[in-house]
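Results of the structural survey
Each chain is listed here by its residues.
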Amino acid sequence: MYRSAMTTTTTRRRRVLTGKTMKMMRMRMRASESNARAWGHSARASVGLIPALCVTVASGGETSMTIVFVGLMVAYVLDLMRAAEGALGTTWCALAGAFAAHAFGATWITPGMPVLVNFVVLMLNGANLMLGGLWVTLQFRWVHHAYPGAAATCERAIFAYAPLVCGTVIAWAFATSMNAQIASLYISMTYIIMHRLFMFPIIAECAYVEENAFERSASGTATKTTHKRRVVTTPSDAKSGTIATVSLPLMFYVGLNFWQIFADFEHLFTCLMLVSSPVLYFISAGTERSLWWIAENKSGSETLESLILVAAFALFAAGFEGGIIFAGFAEYIQVPAPLSYVMVTISVYSASAAFLAHCMNAVGSILPVGVMQGALVLATSNAMIVIGAPMMMVPVPVIGSIAFARYYQSQQLHDYIVFACSAATCFGWFMLNHFWSLDINVGGVSLSYLCLGIFILSVSAVVLPSVLNVARHIRRSFVGVFILAYVALLAAIEQVLSHAIHDDGSTIYPPYLVLVTSVLGVLASRSLILDGRLTQTFGWLAQSACLAKLSMLLIPRLSEMFSVFIVLLTVSAPYVKFQGSRRMMHRMTGGHCAMYAASLVVSLLFARFAMFDIIFEMTGHRPTDAVMLGGVLVMTGASLVPVTANVMGDEPVSKRLVMLLLASGVFFVTFRPPLPWKGEVGMWYDAEHVPDTEDDDARMYGARETVHHGWPSWLLMLSFLTALVAVSSPREQGE
C-alpha cells in the first residue's frame, strides 16, 4: 500500500513535471521562430558575409553547392515544423559538409602557388563558413533569450573577423580572376567597404545588460540606473581591422607583381594610391567614427590628423599624376618633356591644395579665399596650356576659377553660372579638337552623337549642384525629373562605351567605372532623400536605375537593361510603399501579396532576354527552357520570402507555398527536365535567344537504347515535392 502510494505520488510528480516541461518547450518554440529582423545588425552583416559565402561555396564545386542547398532546404523544413534547434544544427552540418567537400575536392589548390598560400586560402574559406554559421545562429531569436552570452560572443566574432576573413576571400577571387591592376582597385574598395560595415563604433544588439536596468541598494529598494550600451568591436579589433584595410591591398598588389614591381615606375605610383586611398577615406568619413579607437587621447590629435591628411593627399596626387595622367592620357599632352612634367605637377598639386583646404575647413579662417583662387587659376591655366589650347582659350578657365572662388565665398547663383559656362566651354573645346570630327563608330553609335551625349552629360553634371542648391525653392518633382534624365543618359552612354573595345582587346570604359558610378548614384540619391531635396518616389526610381546599370556588365543591350530596371522596381515596390517596416507592411493583405507575386512573374517574363544573357555570361552556354522557368520560380520565391515573413508572420501555409516555389525552381535548374514546349524563334524568343536542348539524361539515368520523354525527371520532382509537403505539414501537439 505504501509502495502504491509512492508510485502514485511519483507519477503525479512526473505528470506535473512533464506538463511544465511541455509548457516551457511550447513557450520556447514560440519565441524561437526564425526571424530575420530579430537581430538588428542582420542586414549590415549580410552585405559583407553573403558575397564571400557565395565565393566560398561556388569555389567548392557542385558537391559543395549541393550540400549547402540540401542542408538549407532541410533546415527550412525543420523550421516549418517548429524544430528550431534541429534547423540550426542542420545548417551547421551543411556548412561543415561544404567545408569537407571544399577540402577533399582539392578545389582550393591554385596551380603555381606555394603550398602554404593554398593552405591559408583553405583555412580562410573554413573561417568564412564559420562566420556564416554564426550569422545564421543569430537569426534564431531563442538563442538571444536562452544564451545571451553566446549571442554576444557570436556578434563580436562576426564584427571582429568579417573584415579580414570575408574581405580576403573576395580579394582572392578578384586577384585570381582578373588583371592585377584592375584587381588592386577592387580589392582596395572591398576592404574599405568591409571597414565601413564592421569597424565603425556600432552599438551592440546582443548586450549583456539592458539600457535600463535596476540595481538594489543596501536598504533593499530598487533604483533605476542607465547603463551605457557597449560597442560591438573592441579598440584592439578596430585597430587590427584598420591596419588590414591599409596594408592588405598593397600586399596583394606586391604579391601579384613581385617580379615586375621594380621594373616599371607605374607599379610604384599604383602602390602610392593604394596606400593613400584608405587614409583619405578614414579622414573624409570623420576620424571620430573611422578611427574611434584612438579618440581617447585627444592631445595633439587634430595636428596629427592634419599632417596625415596632407601626407596622404601628396602621395595620392603623386600616384594619380604618374599612374593615371601620364600612363593613360600622355597622348593628349602637347608640351614636350621635361616641361610637361613640371606643368602637370603644378596643376595637380595646386588643385589638390585647394581641395585639401576645403576638406580641412581652412578656407576663410586660416587660408584667405584669394589664396585658393590663385591655386585654382594656376591649376586650370597650366592644364589648358599642357593640352595644347590656343592662347585665346587660356583666359576662359581663369575667369571660371575666379567665379568659382567668389561663389565659394558668397554663394551667389550668377557666379556659379559663370563658372559652369567656363567649364562647359573648356570641355567642349577639348571634345571638338580631339574626338568630335572623327568619322568612326563606337559600339555601333556614331562618335559625333556619342560626343554630343557626353557633352550634355558633362554640362548637366556641372549644372546639377546649382539645381540642388535651389531645390528648396522650386518643386522637388523638377529636381527628380532632372536627376532621372541624368541617370538615364549616363546609363545609355556607359552601355555603349562599356561594350566597345580597343584593338588590343581591352575595354574603352573599364567595368570598375560602372561600379563606381552606380554605387555613388545610390548613395547620392539616398542622401538627397534624407536631406529633403528629393521625394521618396523619385529617389526610389533613381536608386533602382543606378542598380540596374550594373547589369550592363553582363548584358549587351539597353533594352535588356531597361527590363532589369522594371524587375527592380517590381521587387522593391512593397518596401517603398510601406516604408519597409514590419508594422507598416502588416497592412498588406493576401490579395496584395497575390498581386505582388503575379507582377513579379510578369516582370521576370518581360526580362527573359536579360535573364538569358546573364545565365549565358555566367555559365558559358545557352540555358534550356527548364533553366529559364526555374530561374523565374527561384527569383519569384526569393522575392516573396521577406514579404511573406513580414506580412504573414508565422502563418505556415505561406511559408510552405514559398518553399515549394523555391524547391520547384531549384529542381528545374538542377535536373533540367524536358518541358512540353520547345523554345523556338517566335513570340517568346528571338534569333539570338534560342534556348538549348538536352537530348538525354544519361548523366543521371545511364545510357538508354529507347527514346524517353523525361518522365523519370518529372516523377522524381513530383515525389520530392510531395515529400516536402508531407514533412512540412503542421502537427498538432498535445498537452
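Residues numbered from 1 in each chain as written. Predicted model: local features only at pLDDT ≥ 70, side-chain atom pairs only at ≥ 80, totals over all residues. Heavy atoms only, no water.

In this section: the overall build of the chain. Looking only at helices and strands, the chain has 28 helices and 4 strands in total. For the chain, with 735 residues in total, the buried portion stands at 41%. Within the chain, counting contacts between residues at least 6 apart in sequence, those at least 24 apart form 73% of the total. Taken as a whole, the chain presents about 39,400 Å² of accessible surface, with 67% of it coming from carbon and sulfur. (Helix = DSSP H or I, 4+ residues; strand = E, 2+ residues; numbered from the N terminus. Buried < 20%, exposed > 50% of the residue type's maximum accessible area, 1.4 Å probe, protein only. Contact = heavy atoms within 4.5 Å. Areas by Shrake-Rupley, 256 points an atom, 1.4 Å probe, with all protein chains shown as cover.)

Mapped onto the elements, Ile-566 comes out in helix 21 (residues 558–577). Ile-566 sits 21 residues away from Ala-545 along the chain, and the two C-alpha atoms are 9.1 Å apart. Aside from chain neighbours lying at most four places away, what touches Ile-566 is Ser-603 and Phe-606.

For the structure on display, the rule yields 16 aromatic pairs. With 6.2 Å between their ring centres and 40 degrees between their planes, Phe-562 and Phe-565 make a pair best called tilted. Of this pair, Phe-562 and Phe-565 both sit in helix 21, 3 residues apart, which is roughly one turn of the helix. Judged by its relative accessible area of 45%, Phe-562 falls in the partly exposed class. An aromatic cluster is defined as three or more aromatic residues linked by ring pairs; in this entry it consists of Phe-329, Tyr-332, Phe-430 and Phe-435. Taking NZ or CZ as reference, Arg-196 lies 4.4 Å from the ring centre of Phe-200, over its face. Geometry around Phe-609 places Arg-608 over its ring, the cationic atom sitting 4.8 Å from the centre. (Phe/Tyr/Trp six-rings, centres within 6.5 Å; stacked < 30°, edge-to-face > 60°. Lys NZ or Arg CZ within 6 Å of the ring centre and 35° of its normal.)

With that settled, the discussion passes to the layout of surface pockets. Taken as a whole, the second largest pocket encloses approximately 580 Å³ of empty space. Taken together, 15 residues make up the lining of the second largest pocket; nearest its centre are Trp-540, Gln-543, Ser-572, Tyr-575 and Val-576. Looking at the lining of the second largest pocket, the elements with two or more residues in it are helix 19 (511–531), helix 20 (536–548) and helix 21. When the residues that make up the lining of the second largest pocket are grouped by side-chain class, the tally is 9 nonpolar, 5 polar and 1 charged. (1 Å grid on protein atoms, 1.4 Å probe; cavity = no way out; pocket = protein on both sides within 12 Å on 5 of 7 lines; lining within 4 Å. Points joined across faces, edges and corners; volume = space filled by probe spheres on them. Nonpolar A, V, L, I, M, F, W, Y, C, P; charged D, E, K, R; others polar.)

All right, on to helix 2 (residues 42–59) then. An ideal rise of 1.5 Å per residue puts 26 Å on 18 residues; helix 2 measures up with 25 Å between its terminal C-alpha atoms. Bending of helix 2 peaks at approximately 35 degrees at the position of Gly-48, with proline Pro-51 no more than four residues after it. Among the residues making up helix 2, those that are buried are Ser-42, Ala-45, Ser-46, Gly-48, Leu-49, Ala-52, Leu-53, Thr-56 and Val-57. Next to the buried residues of helix 2 lie helix 3 (61–80), helix 4 (84–104), helix 5 (115–137), helix 7 (148–175) and helix 8 (180–198). (Expected span 1.5 Å × (residues − 1). Bend = angle between axes of the 7 residues up to and from the residue.)

Model confidence for the chain is summarised by a mean pLDDT of 78, while 81% of its residues fall at 70 or above. Within the chain, no element has a lower average pLDDT than strand 1 (residues 212–216), which sits at 42, and none a higher one than helix 20, at 90. A low-confidence stretch, residues 13–37 stays under pLDDT 50, and its non-local contacts, those more than four residues away or across chains, total 30 contacts. Here residues 696–708 is modelled with pLDDT under 50, and outside its nearest four sequence neighbours on either side it reaches 13 contacts, counting other chains as well. (pLDDT = per-residue confidence, 0-100.)

One can describe the packing of helix 21 onto helix 23 (residues 590–606) by two numbers: an axis separation of 9 Å at closest approach and a directional angle of 170 degrees. Taken together, the axis directions place helix 21 and helix 23 in an arrangement best described as roughly antiparallel. Across the interface between the two elements, Phe-562, Ser-563, Ile-566, Val-567, Thr-570, Val-571 and Pro-574 from helix 21 touch Tyr-596, Ser-599, Leu-600, Ser-603, Leu-604 and Phe-606 from helix 23. For the contact of helix 21 with helix 23, the residue count by class is 9 nonpolar, 4 polar and no charged. (Axes fitted to C-alpha atoms, helices over the stretch in contact; angles between N-to-C directions. Parallel < 35°, antiparallel > 145°, perpendicular 65-115°, else oblique.)

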